[in-house]
Amino acid sequence: MAIPVTAPMVGKILKIEKKVGDQVEEDEVVVVMEAMKMEIPIVAPVSGTIKEIKVSPGQAVQAEDILAEIG
Amino acid sequence: MESAILAGLNGLILGFSNFGWGQAVMILIGSLLLYLGIGKGFEPLLLLPIGFGAILVNIPLAGLMDQGGVLRFFYDTGVLTEIFPILIFIGIGAMTDFQPLLENPKIILLGAAGQFGIFLTLLLALALGFDKLEAVAIGIIGACDGPTSIYVSSKYAPHLLGAVSVAAYSYMSLVPIIQPPIMRLLTTEGEKKIVMGIVKQPVSKTTKILFPVVVTVAASLVAPFGTPLIGMVMLGNLMKECGVVERLKQASENEITNIVTLLLGLSIGATMEAEKFLRVETIIVLVLGLIAIGLDTAVGVLLGKLMCFLTGGKINPLIGAAGISAFPMSARVVQVEGQKYNKKSYLLMHAMSANAGGQIGSIIAAAVMLSVLKGMGMG
């Protein structure tokens, strides 16, 4: 089952650090978002493989939006 | 003829012959403030005019603070009358978003805790022999809010205005250095790692419009002599939230705030004449101000720990540190600290709620203090 990486708050996507197929370790940065003029690294909740990236840089996101999925 | 020429030339060296070591030191201090603003990016909008004002006022014989002098005019019309800080409050209201607080109202308690430093420092200043009104002006540095500090000290202890303002603005910039050690010291490893859930409570436009009006009436009834502060911040906020007076909102946050910031900064710098500023008192004020901010942070974190305990571990006590008015620096500090201990911890929005609470808290604390002093016949 895919585990989602969700946005913890409203903001904007700055950078995508991983691509589909990449291996990630738990706590490794997947996406960097900007909220309140601050860069917030969003980390992988579990170790696994990136199945899907659902956002692109510059995109506005709401809290709880799914940013990526880890399989 | 020759003697007239000599006398004229003599006029050119008068500046040098009247130049004392005190003025030289103050020009260096003014230059240091310029360096902090320009080179280090610490509150440049204020430190630059304050620093330059301090340099100008220490030029011998220039008389900028004498009766009729240009800085004296700004100071008398804007600072002594309290008009400048009041105008800045309108701009602050127009720039402040209270949404994080409305989304999470119980967090406002942390904004109240963040004001304890004011009162504890006030007591400390009294113990050190400052008179009551001076102690109030010093304690208010603990509000961590520049305009509030300026407003209160210009009202009660204008002779300390330079020291209080320099302390307030410098320490606000130093929040990322002052707060983390206190936060680390007062929390356990387990508490530092607490992940707080996402707050996603919609706030209606009606609530946002009613909020400034209700706060103004309620807070002003409790602390009527603080109404100029609360009222102006909330007026600015109402203009922001209602969406129908965009021009007034823009003018408040841009033109008015910019002009007043420049004149206010210069006026504060102008209070820093060598004989008034180079005193042991100034150093004590700076030290007490630092203690005030440390105490705010400590009490905020301790209340955070209590809330953590009462909620069965749902609140990360680190967000208590953001219950001060230094917005949004303090909330950012909390986010950075929290993520150091747990990469999956995103405390920013929770800390923003506490921080917005701290902004209101500092103004209300000042308002309460003004009213209490008035009640005691000292206002």
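Read on for an overview of the structure.

The rules behind the values
Residues numbered from 1 in each chain as written. Chains lettered and ligands numbered in written order. Predicted model: local features only at pLDDT ≥ 70, side-chain atom pairs only at ≥ 80, totals over all residues. Heavy atoms only, no water. Helix = DSSP H or I, 4+ residues; strand = E, 2+ residues; numbered from the N terminus. Expected span 1.5 Å × (residues − 1). Bend = angle between axes of the 7 residues up to and from the residue. Contact = heavy atoms within 4.5 Å. Buried area = accessible area lost by both parts, 1.4 Å probe. Salt bridge = Lys/Arg side-chain N within 4 Å of Asp/Glu carboxyl O. Buried < 20%, exposed > 50% of the residue type's maximum accessible area, 1.4 Å probe, protein only.

**Observations regarding helix α1 (residues 2-17) of chain B**
Counting along an α-helix, one turn takes 3.6 residues, and residues three or four places apart therefore face a common direction.
Link 1 in the chain: Taking 1.5 Å of rise per residue, 16 residues should cover 22 Å, and α1(B) covers 22 Å from first to last C-alpha, within 8% of that figure.
Link 2 in the chain: Helix geometry: α1(B) is bent most strongly at B:Gly11, by close to 35°.

**With respect to the interface of chain B and chain A**
Link 1 in the chain: Listed by partner, the interface residues are twelve residues for chain B and 18 residues for chain A.
Link 2 in the chain: At the boundary of chain B with chain A, total buried surface from both sides reaches about 1,400 Å², with 72% on carbon and sulfur atoms.
Link 3 in the chain: On the chain B side of the interface with chain A, the three residues burying the most area are B:Ile198, B:Lys344 and B:Tyr346, jointly 40% of the side's total.
Link 4 in the chain: The tally of links between chain B and chain A comes to two salt bridges.
Link 5 in the chain: For A:Glu26, the salt bridge goes to B:Lys344, with nearest N and O atoms at 2.7 Å.

**Comments concerning unusual backbone geometry**
Negative phi values dominate among residues other than glycine, just as trans dominates among peptide bonds.
Residues and elements named next belong to chain B.
Link 1 in the chain: A cis amide bond, omega -5°, links phenylalanine 327 with the succeeding residue proline 328.
Link 2 in the chain: Inspection of the secondary structure puts proline 328 in the loop between α18 (280-310) and α19 (329-341).
Link 3 in the chain: With a phi angle near 70°, leucine 61 is a residue other than glycine that sits in the positive phi range.
Link 4 in the chain: Assessed through its relative accessible area of 59%, leucine 61 is described here as exposed.
Link 5 in the chain: Positioned with a positive phi, cysteine 144 is a non-glycine residue whose angle comes to about 60°.
Link 6 in the chain: Of the residues examined, cysteine 144 reaches a relative accessible area of 1% and is grouped as buried.

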